[in-house]
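A structural walkthrough
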Amino acid sequence: MSHSIGLNETLTAYVQAANRDETAALKACREDTMAMGDVANMQISPEQGAFLQICARMVRARIAVEIGVFTGYSALATILAMKDMHGSDARLFGCDISREYTDQARTYWAQAGVDDQIELTLGDARETLCALAPSIVGEVDMIFIDADKTGYDAYYEAGLDLLRPGGVILFDNVLWNGDVADPAKVMADADTAALRSIAETVKADPRVDMAFTGLGDGILMAVKR
């Protein structure tokens, strides 16, 4: 499981305990994923899940898109907040390439009673977003991107087209365990370079307001003007 950089185990536990308790389905998703070994690092932390929920509430999100679903924790956290606000009208569109991981995600969505409100498409997210565009362009309230890092720039451009003015787009892992601040690692690794690049792109983009945060492994936020 991901955790916030710079927090020791004591502070991490305190932060997580200071947030409200996870639902049973969220807890099961997190604990089962943690038992999967090193790959569990792809899962966001509980405090990041709470952050996504409050972001969804702040923009009154009814339609959301997630690129990179994994075992479903972030999608579940988001749709639960949206359902609480909008009931059966809440809808989340998920994009991923792994049937193995997303089949696992579906079990937790079903446990929480939201599986009929999440539309999951497997395949290249660029193609999925293009296919979705005619039906939801300009209507999406929130987008969470936690997928292949070299694709972040393309997902950003596609996401901006889908977002309504005032909608928010969030990128995970923008600190990359601190590697983005090391010029040698930026030069040597394509993922690190892509993360450094998206931060610079969003900072300079007049189409959005933005904030780079240190939550988790770094979350970059952009609000469409």
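This text goes with the structure placed above it.
Presented here is an overview of the structure given in this document. This structure is a prediction, so every number in the text was calculated from the model and none was measured.

Basis of the calculations
Residues numbered from 1 in each chain as written. Predicted model: local features only at pLDDT ≥ 70, side-chain atom pairs only at ≥ 80, totals over all residues. Heavy atoms only, no water. Helix = DSSP H or I, 4+ residues; strand = E, 2+ residues; numbered from the N terminus. Rg over C-alpha atoms; globule rule 2.2 N^0.38 Å. Buried < 20%, exposed > 50% of the residue type's maximum accessible area, 1.4 Å probe, protein only. Contact = heavy atoms within 4.5 Å. Lys, Arg positive; Asp, Glu negative; His and termini not counted. Salt bridge = Lys/Arg side-chain N within 4 Å of Asp/Glu carboxyl O. Polar contact = N/O pair within 3.5 Å; in protein donor to acceptor, adjacent residues only side chain to side chain. Expected span 1.5 Å × (residues − 1). 1 Å grid on protein atoms, 1.4 Å probe; cavity = no way out; pocket = protein on both sides within 12 Å on 5 of 7 lines; lining within 4 Å. Points joined across faces, edges and corners; volume = space filled by probe spheres on them. Nonpolar A, V, L, I, M, F, W, Y, C, P; charged D, E, K, R; others polar.

1. Comments concerning the overall build of the protein chain
Assigned secondary structure in the protein chain consists of nine helices and seven strands. A globule of 225 residues ought to have a C-alpha radius of gyration of about 17 Å, and the protein chain, at 16 Å, matches this closely. Referenced to the eigenvectors of the C-alpha coordinate spread, the extents of the protein chain come out at roughly 45 × 45 × 30 Å. Relative to its full complement of 225 residues, the protein chain shows a buried share of 47%. In the protein chain, of all internal contacts separated by at least 6 residues, the share reaching a separation of at least 24 is 73%.

2. Focus: the side chain of D172
Tracing the backbone through its elements, the reader meets D172 in strand β5 (residues 163-172). The side chain of D172 sits in the buried core without any salt bridge; K149 is the nearest counter-charge, 5.9 Å away. Reaching out from D172, the side chain makes a polar contact with the side chain of Q48 at a distance of 3.1 Å. Excluding residues within four positions of it along the chain, D172 makes contact with I44, Q48, F144, I145, D146, K149, Y152, L195, G218 and I219.

3. With respect to unusual backbone geometry
With phi around 55 degrees, F70 is a residue other than glycine that occupies positive phi space. Its location among the elements puts F70 in the loop between β1 (63-67) and α4 (73-86). On the basis of relative accessibility, which here comes to 7%, the residue F70 falls in the buried class. With a phi close to 70 degrees, N173 is a non-glycine residue in the positive phi region. Examined against the element boundaries, N173 turns out to sit in the loop between β5 and α8 (183-188). The exposure class of N173 is buried, given its relative accessible area of 10%.

4. Quick look at α4
Two residues of an α-helix separated by three or four positions point the same way, owing to the 3.6 residues in each turn. Its 14 residues place the ends of α4 20 Å apart at the C-alpha level, agreeing with the 20 Å of an ideal helix rising 1.5 Å per residue. Here α4 has its buried residues at Y73, S74, A75, L76, A77, T78, I79, L80, A81, M82 and M85. Following α4 by one or two positions, G87 adopts a phi angle in the positive range, close to 60 degrees.

5. Points about the side chain of Q117
Along the chain, the position of Q117 falls in the loop between α5 (99-112) and β3 (118-122). Looking at Q117, its side chain comes within polar contact range of the main-chain oxygen of A90, at 3.0 Å.

6. Side note on the layout of surface pockets
Considered as a void within the structure, the largest pocket measures approximately 770 Å³ in volume. What lines the largest pocket is a set of 35 residues, and nearest its centre among them are N41, M42, D146, K149 and N173. Breaking the lining of the largest pocket down by element, the ones donating at least two residues are α4, β2 (91-96) and α6 (125-136). Grouping the constituent residues of the lining of the largest pocket by class yields 15 nonpolar, 12 polar and eight charged. A volume near 470 Å³ is recorded for the second largest pocket. Lining the second largest pocket are 18 residues, with N19, R20, D21, A50 and Q53 positioned closest to its centre. Of all the elements in the fold, those that place two or more residues in the lining of the second largest pocket are α1 (9-18), α3 (46-58) and α4. Here the lining of the second largest pocket gets six residues from one element, more than from any other, and that element is α3. Residues belonging to the lining of the second largest pocket are distributed by class as follows: nine nonpolar, five polar and four charged.

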